[in-house]
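Chain residues, written in single-letter form:
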Amino acid sequence: MVKEITPWGLFRRPAPAGYQPESRVEGRTGGRARPRPRSGRQEADQSRGDVAVVTASAAATFEPVDRSAAAARGFVRDALLGWDLPEVVDDAVVLVSELVTNAVVHAGTAAEVACLREEETVRIEVTDRHPERGLPSFTNVTPHSDRYADPDGEGGRGLLMCSALSSSWGVEYAAGRKTVWFRLALPDQRPGTRYALPSLPGGELPAADGPVRVAVVQLDDHGRVRGWNPDAETLFQHPADAVFGRPWAELAVWPQTPGLGLGDTLRLARWEGSYAVRAGDGAVREVYGTHVRLRDREGAPTVLCVLVREADRAVLRTPGGSDGAAAAASTAVEPLDLLVGPVSPDDLSSLLQRIVERARDLLDADASYLLLTSEDETEFELRAATGLSGPSRRFARLPIDAGAGRFDSARLPAVHEDLSVRPTGAAPLLDGTRLRSLITVPLKVEGRLTGSLGVAAAAPGRYDNEDALRLQFAADRIALALESARLGELERLRRGSLSFLVEASDLLAGTLEHGQTLALMAQMAVPTLASWCAVYTTADAAAGAELAFVLHEDEDRIDPLRALLDKAPAPEAVPSPGARPWTAAAETARAIGDPVGAELGETVVLPLSARNRVIGLLVLGTRPGVRFRQEILELAEDLSRRAALALDNSRLYSERTAISQAFQRALLPPELPKIPGVEVEVFYQAAGEGNEVGGDFYDLFPIREGTYGFAIGDVCGTGPEAASVTGLARNSLRLLAREGLTAPQVLTRLNAAILDEGSRARFLTLLYGELTPRADGSTVLSLVCAGHPLPLRLRVDGQVDQAASPQPLLGVMDELDLTAEELVLSPGEVLLCVTDGVTERREGRRMLGDEGLVEVLTGCAGLTAGAVAARVHRAVERFAPEPPSDDMAILTLRIPTQRQN
């Protein structure tokens, strides 16, 4: 891209060779009448024969590549802002973008863009090398005809936009080229504000007799030439390879006047003045130059010399400059140093605060603030301020180029002499304050806008152009350091965000309990993301959201905050993603006079959406005077998505667990009956988390007057499948026993019922018995042990023996030959019935077994039924360090002695 820019004067642009206007299409859509010719250079408008006075011009050529449209937009924006015309920037950028895109993308040719500032208009021309003569007609045509411009199509859209946005426009054709031009009317000058641009010494810049050559010479820290551009070759008649490595002192002719020598100036941060250079043809060229000391990518100091002919000095000369090196050095603008002390890249907030406080002090101001651009470079974010009051908020955001409350002095240093004569909103951060004078300067790195620094005072007209340039020079020196620190902060934030989200996902995945999930959501948000948090749940969309959990970084404020939120209307469950402002809590506090409202800052609400529906709302709030950073809101949105899924999973799990537990409780026997003359104790434990019923089961129920049935069994397997057979067995036993069947008949019928289950059938071991207490204190038992561990009888003297014989288990064979065995328990004796979860308790290759159980029971003589069951259970638990992995049931029957009665 080649640029020719004359922002403070006019270079006459010669017409191209062979230029012959052949055809012209023009339009006028309103706007101001064109001014009459006045003093100054003039350009004839051949379309109507009148003349427009051009006061400044800028031109650039863009190659036919994809990025040219963006480059053209930036060129036009910078040119118009340089002319103090921010109000027409948006329309001009839109039109130029469309026209350049047509040229470089659709037509595939280079595009020449020229900006001409006239007295009351700006004329912009876009020239390409693809002169198609077919033009869309806008009048006297029927819709959808071949000549009609379709607004939704590509053809003619640029001219339609010119017609809609510009005051006049036209198309000119010549041999091999086509030019589309448009004019934008200039708005009234804004009172009280001007851009701080270098003024022209001696009046208007004169016309040049040819192209201005700008030589760029780069020197290393020893003053040797290491860079030499084509203009330097043309001006000084030295080819680049002939000067590389030569000391600059051999070529530069330094004035023999008291003051700084050449070596001294090369060590200054910035210098400007006149001297001479020996040319290759033996002549000595008088030049005017600017020396800037900087560091290259490797950190080595270098000096950049920008040189023009002495006759073109006004191109480089800054206000206050004068002839001679010593004089220029003595009249240089006094620099400001905004960085004092070491720069810590890990503490950007403290660094920014130091800068604004120092800028305020150095310029004897009343306030100062510093803005940094957002990641997408469309908004400014207030990062540091001192002396501001009113509506300003930390992390407040302002549009840069468009929108309400935009920051209209973003790209050039500006002096606002009196804000009181400007409309409200012209300086949004200072609205409602007593400040009237303001300087704003941009922070730029490699031409890219990265921030803005503002200094304000209460008195009007406090600052002038020189103050703005001094502050701009200081801002240029700190811009790179601030951008490096900001990028480091962003990288730390990204890494911290990833770590935070990983940890949050792990914590949320670690629980399926609904209440704990709600608490985790709030605890992860406070204080990492916000000062306080509230979680609402929406069980029913028609009923609205209900407050479920509240957390504040100050525990003493949780209850008052919850009371306020209970009174405030709940947020609306809107499914649209992202954070949206929520003011209901603050409005409710003001309405009822609740002091908690004074402690509320910015408040946002995010939807908790899972499985295509909103299941809750996450409300986050800050302290007063603090606004959410965009990075925090994006992190909160990521958290809300993860938390919503975890919350929905916990809800589903809780619902299913409640249903499962309800069904399982229905499989457990009701409260055990009290049997006169018999102590009964039961211990039951199902394997698996959340299981209340497994493959083991027990039961004790009345059969008829004075006779009771009892059972303890074990279905093959564990879990819900085994529990289903458990329910079948327990209910069948009760029904069959009450039909008057004997114990063998009851088990035979049960065996048939199990086999009828087909593929769902599971074999079953069962100890079933009927007991009848007698008047002498003893109890008669009739037992059938169908494949189950044999019951053990503990006699009064501590002797243990088996109380039944083994018989076939149930659910395997169709025909069973079962017999009942009679047993009488005397007072003081105990009958212990267990499932194999007790006897098969293991530790490695060791197993408790029948012998271990007998040993435990032997030591239980004289104990009650409850104490015997507890000792057996304790022995099972202590046998191995790992928790039991099988279902376990213990049923203890004891005949009390007369003394206990």
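Residues numbered from 1 in each chain as written. Predicted model: local features only at pLDDT ≥ 70, side-chain atom pairs only at ≥ 80, totals over all residues. Heavy atoms only, no water.

**A word on the overall build of the protein chain**
Move 1: In terms of helices and strands, the protein chain carries 19 helices and 39 strands.
Move 2: Taken across its 901 residues, the protein chain has 47% of its residues classed as buried.
Move 3: Put simply, 62% of the contacts in the protein chain that link residues at least 6 apart link residues at least 24 apart.
Move 4: Accessible surface computed for the protein chain: about 42300 Å², of which carbon and sulfur atoms make up 50%. (Helix = DSSP H or I, 4+ residues; strand = E, 2+ residues; numbered from the N terminus. Buried < 20%, exposed > 50% of the residue type's maximum accessible area, 1.4 Å probe, protein only. Contact = heavy atoms within 4.5 Å. Areas by Shrake-Rupley, 256 points an atom, 1.4 Å probe, with all protein chains shown as cover.)

**Focus: the environment of Ser274**
Move 1: If you trace the backbone, Ser274 turns up in strand S13 (residues 270–278).
Move 2: Sequence spacing of Ser274 and Glu286 is twelve residues, and the spatial spacing of their C-alpha atoms is 7.4 Å.
Move 3: At a separation of 3.1 Å, a polar atom in the side chain of Ser274 contacts the side chain of Glu310. (Polar contact = N/O pair within 3.5 Å; in protein donor to acceptor, adjacent residues only side chain to side chain.)

**Some thoughts on the packing of aromatic side chains**
Move 1: Considering all chains together, one arrives at seven aromatic pairs under this definition.
Move 2: Measuring from ring centre to ring centre gives 6.1 Å for Trp271 and Tyr275, while their planes differ by 50°; the resulting arrangement is tilted. Assigned by exposure class, Trp271 and Tyr275 land together as buried.
Move 3: One aromatic cluster is present, formed by Trp228, Phe236 and Trp248 through successive ring pairs.
Move 4: Between the NZ or CZ atom of Arg123 and the centre of the ring of Trp181, over which it lies, the distance is 4.5 Å. (Phe/Tyr/Trp six-rings, centres within 6.5 Å; stacked < 30°, edge-to-face > 60°. Lys NZ or Arg CZ within 6 Å of the ring centre and 35° of its normal.)

**Here we look at a nonpolar patch on the surface**
Move 1: On the surface, a cluster of nonpolar side chains totalling about 270 Å² of accessible area is made up of Phe763, Val812 and Met813.
Move 2: You can see Phe763 is positioned in the loop between helix H16 (743–755) and strand S30 (764–773). (Patch = residues over 30% accessible without salt bridge, like charges linked within 9 Å, V, L, I, M, F, W, Y side chains within 5 Å. Salt bridge = Lys/Arg side-chain N within 4 Å of Asp/Glu carboxyl O.)

**Section: the sheet that holds strand S39 (residues 888–894)**
Move 1: In space, the five strands of this open sheet follow the order S27-S39-S36-S32-S33, with antiparallel pairing throughout. Looking at the sheet topology across the chains shown, the edges are occupied by strand S27 (679–685) and strand S33 (800–802). Going from strand to strand, the sheet's axes swing by 20° on average, the running direction of each strand aside.
Move 2: Sheet topology places strand S32 (residues 792–794) next to strand S36 (residues 830–834); three bridges connect them, and they run antiparallel. Counted as the bridge partner of Leu794 is Val830 from S36. (Pairing = 2+ DSSP bridges. Axes fitted to C-alpha atoms, helices over the stretch in contact; angles between N-to-C directions.)

**Notes on the nonpolar core**
Move 1: The biggest cluster of nonpolar side chains holds 53 residues, and the ones touching the most others in it are Tyr536, Leu565 and Leu620.
Move 2: Considering every element that reaches this core, the biggest residue donor is helix H14 (residues 630–667), with nine residues.
Move 3: Membership of the second largest hydrophobic core comes to 38 residues, among which are Ala56, Val76, Leu81 and Val180. (Core = buried A, V, L, I, M, F, W, Y, C linked by side-chain atoms within 4.5 Å.)

**What to know about the pattern of salt bridges**
Move 1: Applying the stated rule across the entire model yields 39 salt bridges.
Move 2: A salt bridge links Asp221 to Arg293, with the shortest nitrogen-to-oxygen separation between them at 2.7 Å. Of this pair, Asp221 sits in the loop between strand S10 (215–219) and strand S11 (225–228) while Arg293 sits in strand S14 (residues 284–295); the two residues are 72 residues apart in sequence, bridging distant segments of the chain.
Move 3: Where salt bridges share partners, they join Glu381, Arg383, Glu489, Arg629 and Glu631 into one cluster.

**Section: the packing of helix H1 (residues 68–82) against helix H2 (residues 89–107)**
The geometry of a pair of packed helices is captured by two quantities: the angle between their axes and the separation between those axes.
Move 1: Axis separation between H1 and H2 bottoms out at 9 Å; the angle between their running directions is 150°. In terms of orientation, H1 and H2 fall into the roughly antiparallel class. Considering the relative orientation of H1 and H2, their crossing is right-handed. Between H1 and H2, the contacting residues are Ser68, Ala69, Ala72, Arg73, Val76, Arg77, Leu80 and Leu81 on the first element and Val89, Ala92, Val93, Val96, Ser97, Val100, Thr101 and Val104 on the second.
Move 2: Class assignment of the residues belonging to the contact of H1 with H2 gives a composition of eleven nonpolar, three polar and two charged. (Parallel < 35°, antiparallel > 145°, perpendicular 65-115°, else oblique. Left-handed = near helix turned anticlockwise from the far one by under 90°. Nonpolar A, V, L, I, M, F, W, Y, C, P; charged D, E, K, R; others polar.)

**Section: the side chain of Glu829**
Move 1: Relative to the elements of secondary structure, Glu829 occurs in the loop between strand S35 (821–825) and S36.
Move 2: Glu829 gets classed as buried once you look at its relative accessible area, which sits at 8%.
Move 3: Within the structure, Glu829 has its side chain in polar contact with the backbone nitrogen of Ser826 (distance 2.9 Å).

**Considering the pairing of strand S17 (residues 379–386)**
Working note: regular strand, side chains alternate between the two faces of the sheet.
Move 1: Counted residue by residue, S17 has six buried out of eight residues, so it is predominantly covered.
Move 2: In this structure, strand S16 (residues 367–373) lies alongside S17, joined through six bridges in antiparallel fashion. Looking at S17, one finds that Leu371 is bridged to Leu382.

**Here we look at the packing of helix H18 (residues 849–858) against helix H19 (residues 865–878)**
Move 1: Put simply, H18 and H19 touch, their axes get as near as 10 Å, and they point 140° apart. As the angle between them shows, H18 and H19 are arranged oblique. The way H18 lies across H19 gives a crossing that is right-handed. Together, Leu853, Val856 and Leu857 of H18 and Val868, Arg871, Val872 and Ala875 of H19 make up the contact between the two elements.
Move 2: Here the contact of H18 with H19 is built from residues that sort into six nonpolar, no polar and one charged.

**Digging into the pairing of S11**
Move 1: Note: S10 against S11, three bridges, orientation antiparallel. If you follow Gln218 over to S11, its bridge partner there is Gly227.

**Thoughts on the confidence of the model for the protein chain**
Move 1: In this model, the protein chain carries an average pLDDT of 80, and 79% of its residues clear a pLDDT of 70 or more.
Move 2: Note on residues 133–155: pLDDT under 50 across the span, and 26 contacts to partners over four residues away in sequence or across chains.
Move 3: In this model residues 320–333 is a low-confidence stretch, pLDDT under 50, and it forms 21 contacts with partners more than four residues away in sequence or in other chains. (pLDDT = per-residue confidence, 0-100.)

**A look at helix H9 (residues 348–362)**
Move 1: Between its first and last C-alpha atoms H9 spans 21 Å; for 15 residues at 1.5 Å apiece the expected length is 21 Å, and the two agree.
Move 2: Every buried residue belonging to H9 is among Leu348, Leu351, Leu352, Ile355, Val356 and Ala359, and all of these are buried. Summarising the axial view, the buried residues of H9 lie within an arc of 130°, below the 170-degree limit, and thus occupy one face.
Move 3: Contacts from the buried residues of H9 go to S16, S17, strand S21 (448–457) and helix H10 (465–509).
Move 4: Positive phi shows up at Asp364, right after H9, with a value of about 50°. (Expected span 1.5 Å × (residues − 1). Arc of directions from axis to C-beta.)

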